[in-house]
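These are the residues of each chain, in order.
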Amino acid sequence: MNIKWDAEKYTSDFSYVHRYGNSVAELIDAPAGSLVLDLGCGNGALTKALLDKGYNVTGMDASEELLSVARKSYPTINFFQGDATNFVLSEPVDVVFSNAVFHWIEKEKQPDMINCVYNALKEGGQFVFEFGGYGNNRVINSALAESFAEHGFSYRMPFYFPSIGEYASLLENNGFQVKYATLFPRPTELKGENGMENWIRMFIKTPFATVPSTQKKDEIISQTVEELKKELFINGKWYADYVRLRIKSTRS
Ligand code: BEZ
């Protein structure tokens, strides 16, 4: 998950990420004053929303760029840098919350992350989260794969999008009880007439590492965008074909 983010663009053009996260936070069932860790807090917008609900919050993220935006925006909140697959808290918390983060963690590393969360929680503590689930961005990733292939490159999707069954088993095998799980499509409007191009440039980084020139990269992107117009450009607006996996679980 070592990605260098354009933190300002992330905040201005992709604000839907934290707007949608508010409904995930509604799954938390804990009294005001409870200790809540926002795991992968990004620019801190949702950490602030959790603070406004009365929780005693901290935010952790791997990205110094995003953390510096978070600290500037919400100077009273404690934000710290950490790797979601390798962290230890000085004091256990009542709730670990996370939005739109776990699809960035490769499948093999998910048990490490879940174990860190287990150790970070008090007994009976809640682990509430949402991320991209099975089928997420299927249309976008297929178009990218086709366009990479036509230019002589291979495309390996750099995300983990599990089903409910797969992820619930992973949680149960690592000490959690699943209380609620849902997988649902959520087509998400992107900002502006270049919304899809901007989305690809913002989020699809590692597959382009093998593409040797900016010109080739631009060609692949414009061909992908052209192809995606047929399905994801609707009434003059771009949509990303998001599918969300939303889960509430408790530490046994
Ligand atoms: C997501 O939130 O589902 C997502 C965001 C960026 C890239 C891939 C997936």
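Please refer to the structure higher up on the page.
Because the structure is predicted, anything quoted here is derived from the model rather than measured.

Asks: Could you give me a rundown of the packing of helix H6 (residues 138-150) against helix H9 (residues 214-232), with the residues and numbers involved?
Replies: Across the interface, H6 lies against H9 with an axial gap of 9 Å and an inter-helix angle of 140°. Taken together, the axis directions place H6 and H9 in an arrangement best described as oblique. For H6 against H9, the interelement crossing comes out right-handed. Contacts between H6 and H9 involve Val139, Ile140, Ala143, Leu144, Glu146, Ser147, Phe148 and Glu150 from the first element and Ile220, Gln223, Thr224, Glu227, Leu228, Glu231 and Leu232 from the second. Its residues assigned to classes, the contact of H6 with H9 shows 8 nonpolar, 3 polar and 4 charged.

Asks: Describe empty space enclosed by the protein, listing the residues and the values that go with them.
Replies: Per the stated rule, a full pass over the model turns up 1 cavity of 30 Å³ or more. Taken as a whole, the largest cavity spans an internal volume of roughly 40 Å³. In terms of residue class, the lining of the largest cavity is made up of 2 nonpolar, 2 polar and 2 charged.

Asks: An account of the environment of Phe184 is needed here, citing residue identities and associated values.
Replies: With respect to the helices and strands, Phe184 occurs in strand S6 (residues 176-185). Sequence spacing of Phe184 and Ala168 is 16 residues, and the spatial spacing of their C-alpha atoms is 15 Å. Among residues more than four places away in sequence, those in contact with Phe184 are Glu130, Tyr242, Val243, Arg244 and Arg246.

Asks: Could you give me a rundown of the layout of surface pockets, with the residues and numbers involved?
Replies: Empty space within the largest pocket amounts to approximately 640 Å³. What lines the largest pocket is a set of 45 residues, and nearest its centre among them are Trp5, Tyr10, Ala100, Val101 and Trp104. Elements supplying a minimum of two residues to the lining of the largest pocket: helix H1 (7-13), helix H2 (16-25), strand S1 (35-39), helix H3 (45-52), strand S2 (56-61), helix H4 (64-73) and helix H8 (195-203). Looking at the lining of the largest pocket, the element that brings in the most residues is H2, giving 4 residues. The residue makeup of the lining of the largest pocket, split by class, is 24 nonpolar, 14 polar and 7 charged. There is about 380 Å³ of room inside the second largest pocket. Its residues assigned to classes, the lining of the second largest pocket shows 9 nonpolar, 2 polar and 5 charged.

Asks: Which residues make up the packing of aromatic side chains, and what values go with them?
Replies: Summed over all chains, the structure comprises 21 aromatic pairs. When the ring of Phe14 is compared with that of Phe203, the centres are 5.0 Å apart and the planes differ by 70°; the resulting orientation is edge-to-face. Separated by 189 residues along the polypeptide, Phe14 in the loop between H1 and H2 and Phe203 in helix H8 bring together distant segments of the chain. Across this residue pair, the class does not change: Phe14 and Phe203 are buried. Measuring from centroid to centroid gives 5.1 Å for Phe148 and Tyr155, while their planes differ by 55°, and the two rings are tilted. Tyr155 shares its class with Phe148; the two are buried. Here the aromatic residues Phe14, Tyr16, Trp104, Phe159, Phe161, Trp199, Phe203 and Tyr242 are joined through ring pairs into a cluster of three or more. The side chain of Arg186 reaches across the aromatic face of Tyr20, ending 3.6 Å from its centre. Above the plane of the ring of Phe208 lies Lys217, whose end atom (NZ or CZ) is 5.2 Å from the centre.

Asks: Break down the environment of Pro207 for me, citing the residues and quoting the values.
Replies: Looking at the secondary structure, you find Pro207 in the loop between H8 and H9. Note: C-alpha distance between Pro207 and Phe148 (59 residues apart in sequence) is 9.1 Å. Excluding anything up to four places from it in sequence, Pro207 contacts Phe148, Tyr155, Arg156 and Pro158.

Asks: Which residues make up the pairing of S2, and what values go with them?
Replies: The pairing of S1 with S2 spans 5 bridges and is parallel. The residue of S2 that forms the bridge with Leu35 is Asn56. Chirality of the crossover, the property in question, places the unit of S1, H3 and S2 among those that are right-handed. Across 4 bridges, the pairing between S2 and strand S3 (residues 78-81) is parallel. In the strand pairing of S3, Asp61 is matched with Gln81. Between the parallel elements S2 and S3, the chain passes through H4 in a crossover that is right-handed.

Rules used throughout
- Residues numbered from 1 in each chain as written.
- Predicted model: local features only at pLDDT ≥ 70, side-chain atom pairs only at ≥ 80, totals over all residues.
- Heavy atoms only, no water.
- Axes fitted to C-alpha atoms, helices over the stretch in contact; angles between N-to-C directions.
- Helix = DSSP H or I, 4+ residues; strand = E, 2+ residues; numbered from the N terminus.
- Parallel < 35°, antiparallel > 145°, perpendicular 65-115°, else oblique.
- Left-handed = near helix turned anticlockwise from the far one by under 90°.
- Contact = heavy atoms within 4.5 Å.
- Nonpolar A, V, L, I, M, F, W, Y, C, P; charged D, E, K, R; others polar.
- 1 Å grid on protein atoms, 1.4 Å probe; cavity = no way out; pocket = protein on both sides within 12 Å on 5 of 7 lines; lining within 4 Å.
- Points joined across faces, edges and corners; volume = space filled by probe spheres on them.
- Phe/Tyr/Trp six-rings, centres within 6.5 Å; stacked < 30°, edge-to-face > 60°.
- Buried < 20%, exposed > 50% of the residue type's maximum accessible area, 1.4 Å probe, protein only.
- Lys NZ or Arg CZ within 6 Å of the ring centre and 35° of its normal.
- Pairing = 2+ DSSP bridges.
- Right-handed = clockwise from strand over helix to strand, strands pointing away.

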